[in-house]
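Descriptive structure summary
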Amino acid sequence: MKSALKTRPVQRLEHLDAADFAKDYLAAGVPVVLRIPDCNAKQWTLDSLRQTAGDCAATVRVNTDKPAYKVGKAYDIRTMKLREYIDLVDTKSAGNMYMAVQNISHCFPVLQPDLPELPHLGKLHQGPFLWIAQQGHYEYCHIDPDDGMLLILNGRKTVRIFDDVNFRRLYPNPLGAKGRTLQAQVDCDNPDLEQFPDYADAEAYECTVSSGEMLFIPAFFWHQVTSVETTVSINYFFGDSSSSQYLAKIMQEPRYSVFSFWFLNIIEQNRLSLSFHRVLQRLDESIERFILKQWHEIPTAEQKTKLRELVLRHCGLQDVPPMTDVEIATMAKHPPPIKIRGLRWRKNDNDDSD
């Protein structure tokens, strides 16, 4: 049983200065399509990337045509030279492969001088990352815990974006799912409304982003991307420029409902680890360390209290576990980390890192 998804267009602007973008789109959580500033990266093609960075190693996802991939639950990986992957894509022999989220500074440093200057990025959290998708690739619907800017350098991608009001209508995978993102159980191309009936009420922004354009995707919004044609793109994860504005933004409703689910998903990833009891004992410190690592911000006392109470309530506790005299005497300088677990192969993301 299927029904047509209700959609609305994304605004497109030729010119938008950084201050107006920060106020009217970044802070407000409104997608927008802009023009990419002049840069050499706008000239990238499969052939030029093969020539410039072809000997660099790339990690490629495989089995991306399987049902488990379309709901973000599983995929395998292979490592090969970039030129090998491009040759497969060029000759339409890549099958179910997809080169995704390759950190340019680590994997392809030779490409860095070509990158644009983007004054719209307030505070960079991660990236930029390089993606090369063959025509027809469906990327599973997911949520990133950062504001995102997707730049199409060569090709076209169609993007569906669901705001925070639609969070439950996309049926996130159960708490404890691996990785830094949240994944939806709904295949947006072929939704099963008998299994996921609330998806019938979902509404999405929808647009096709072409060469020379960039799309702003607000933090904690579901988004699903399909490559209309073979496409070279890069993306950045970022947040508001001030020292505390990003965390304040995502801890306000309705976005907080999504953020709190995401945070509890990370907590659930850690529940079976040997260090989790020590995390609970020093919960405020561990929360502060986690927030600082993710977004380069220090939470206020009120924010730490709110997150501490969220975790304790989820774990069925009234208060943090007490420390013995021996534990206090031998306590490490730094609190035990809350880790994002899963996807160990991915370079320079925050998964499995201290």
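Look up a bit, the structure's there.
Residues numbered from 1 in each chain as written. Predicted model: local features only at pLDDT ≥ 70, side-chain atom pairs only at ≥ 80, totals over all residues. Heavy atoms only, no water.

With that settled, consider the overall build of the protein. The helix and strand tally for the protein stands at 11 helices and 14 strands. For 354 residues, the compact-globule estimate of 2.2 N^0.38 gives 20 Å, and the protein sits close to it at 21 Å. Over its C-alpha atoms, taken along the principal directions, the protein stretches across nearly 65 × 45 × 45 Å. Every one of the 354 residues in the protein was classed for burial, and the buried ones make up 55%. Contacts in the protein between residues at least 24 apart in sequence constitute 83% of all its contacts with a sequence separation of at least 6. Accessible area for the protein stands at about 15500 Å²; split by element, carbon and sulfur atoms hold 49% of it. The distance from the centre of the 41 positive side-chain charges to the centre of the 46 negative ones in the protein is 3 Å. (Helix = DSSP H or I, 4+ residues; strand = E, 2+ residues; numbered from the N terminus. Rg over C-alpha atoms; globule rule 2.2 N^0.38 Å. Buried < 20%, exposed > 50% of the residue type's maximum accessible area, 1.4 Å probe, protein only. Contact = heavy atoms within 4.5 Å. Areas by Shrake-Rupley, 256 points an atom, 1.4 Å probe, with all protein chains shown as cover. Lys, Arg positive; Asp, Glu negative; His and termini not counted. Charge placed at Lys NZ, Arg CZ, Asp CG, Glu CD.)

In this description, an aromatic ring pair is defined by two values, namely the gap between the centres and the angle between the planes. Applying the stated criterion across every chain yields a total of 21 aromatic pairs. Taking the centre distance of 5.9 Å and the plane angle of 80 degrees together, the rings of F220 and W262 count as edge-to-face. With F220 in the loop between β12 (213-217) and β13 (222-227) and W262 in helix α7 (residues 255-270), this pair connects stretches of sequence that are 42 residues apart. Across from the ring centre of Y205, 4.1 Å away, lies the NZ or CZ of R8, which sits over that ring. When the ring centre of Y256 is taken as reference, the NZ or CZ atom of K306 above it lies at 4.0 Å. (Phe/Tyr/Trp six-rings, centres within 6.5 Å; stacked < 30°, edge-to-face > 60°. Lys NZ or Arg CZ within 6 Å of the ring centre and 35° of its normal.)

To continue, consider the side chain of N235. Inspection of the secondary structure assignment puts N235 in strand β14 (residues 231-239). For N235, a relative accessible area of 8% corresponds to the buried category. Side-chain polar atoms of N235 contact the side chain of W131, separated by 2.6 Å. Contacts of N235, omitting those with residues within four sequence positions, involve G127, P128, F129, W131, M149 and L150. (Polar contact = N/O pair within 3.5 Å; in protein donor to acceptor, adjacent residues only side chain to side chain.)

On the basis of which strands lie adjacent, the open sheet formed by 8 strands has the order β2-β12-β8-β14-β6-β5-β3-β4 and antiparallel pairing. Whereas interior strands pair on both sides, the edge strands pair on one side only; in this sheet they are β2 (32-35) and β4 (76-81). Adjacent strand axes in the sheet meet at a mean angle of 25 degrees, parallel and antiparallel pairs treated alike. Pairing between strand β5 (residues 98-103) and strand β6 (residues 123-133): 3 bridges, direction antiparallel. Bridge assignment links N103 to a residue of β6, and that residue is F129. (Pairing = 2+ DSSP bridges. Axes fitted to C-alpha atoms, helices over the stretch in contact; angles between N-to-C directions.)

Pairing is mixed across the open sheet formed by 6 strands, whose spatial order is β1-β11-β9-β13-β7-β10. Only two strands of the sheet have a single partner each, and these edge strands are β1 (6-9) and β10 (182-183). Relative to β10, strand β7 (residues 138-143) runs antiparallel, the two being bridged by 2 bridges. Its bridge partner lying in β10, I143 is registered against L182.

To continue, consider α7. Taking 1.5 Å per residue, 16 residues should reach 22 Å; α7 reaches 23 Å between its end C-alpha atoms and fits that length. With 14 of 16 residues buried, α7 lies mostly within the body of the structure. (Expected span 1.5 Å × (residues − 1).)

Looking now at the packing of α7 against helix α10 (residues 301-315). Here α7 crosses α10 at 60 degrees, and the two axes come no closer than 11 Å. Judged on the interaxial angle alone, α10 and α7 are oblique. Read as a crossing pair, α7 and α10 show a hand that is right-handed. Where α7 abuts α10, its residues Y256, F259, S260, F263, L264, I267 and E268 lie against K306, L307, L310, V311 and H314. Split by residue class, the contact of α7 with α10 holds 8 nonpolar, 2 polar and 2 charged. (Parallel < 35°, antiparallel > 145°, perpendicular 65-115°, else oblique. Left-handed = near helix turned anticlockwise from the far one by under 90°. Nonpolar A, V, L, I, M, F, W, Y, C, P; charged D, E, K, R; others polar.)

Turning our eyes to something else, we now look at the side chain of N96. Looking at where N96 falls in the secondary structure, it is placed in the loop between α4 (82-90) and β5. In this structure the side chain of N96 is engaged in a polar contact, spanning 3.3 Å, whose partner is the backbone nitrogen of N63.

Core analysis: the largest hydrophobic core is formed by 52 residues, its most contacted members being F21, W44, L130 and I132. In contact with I132, not counting residues within four places along its chain, are L46, L49, L82, Y85, I86, Y98, M99, T231 and V232. Counting residues in hydrophobic clusters, the runner-up holds 47 residues, among them Y171, F196, F261 and L264. (Core = buried A, V, L, I, M, F, W, Y, C linked by side-chain atoms within 4.5 Å.)

Any functional reading would require information that these geometric values do not contain.
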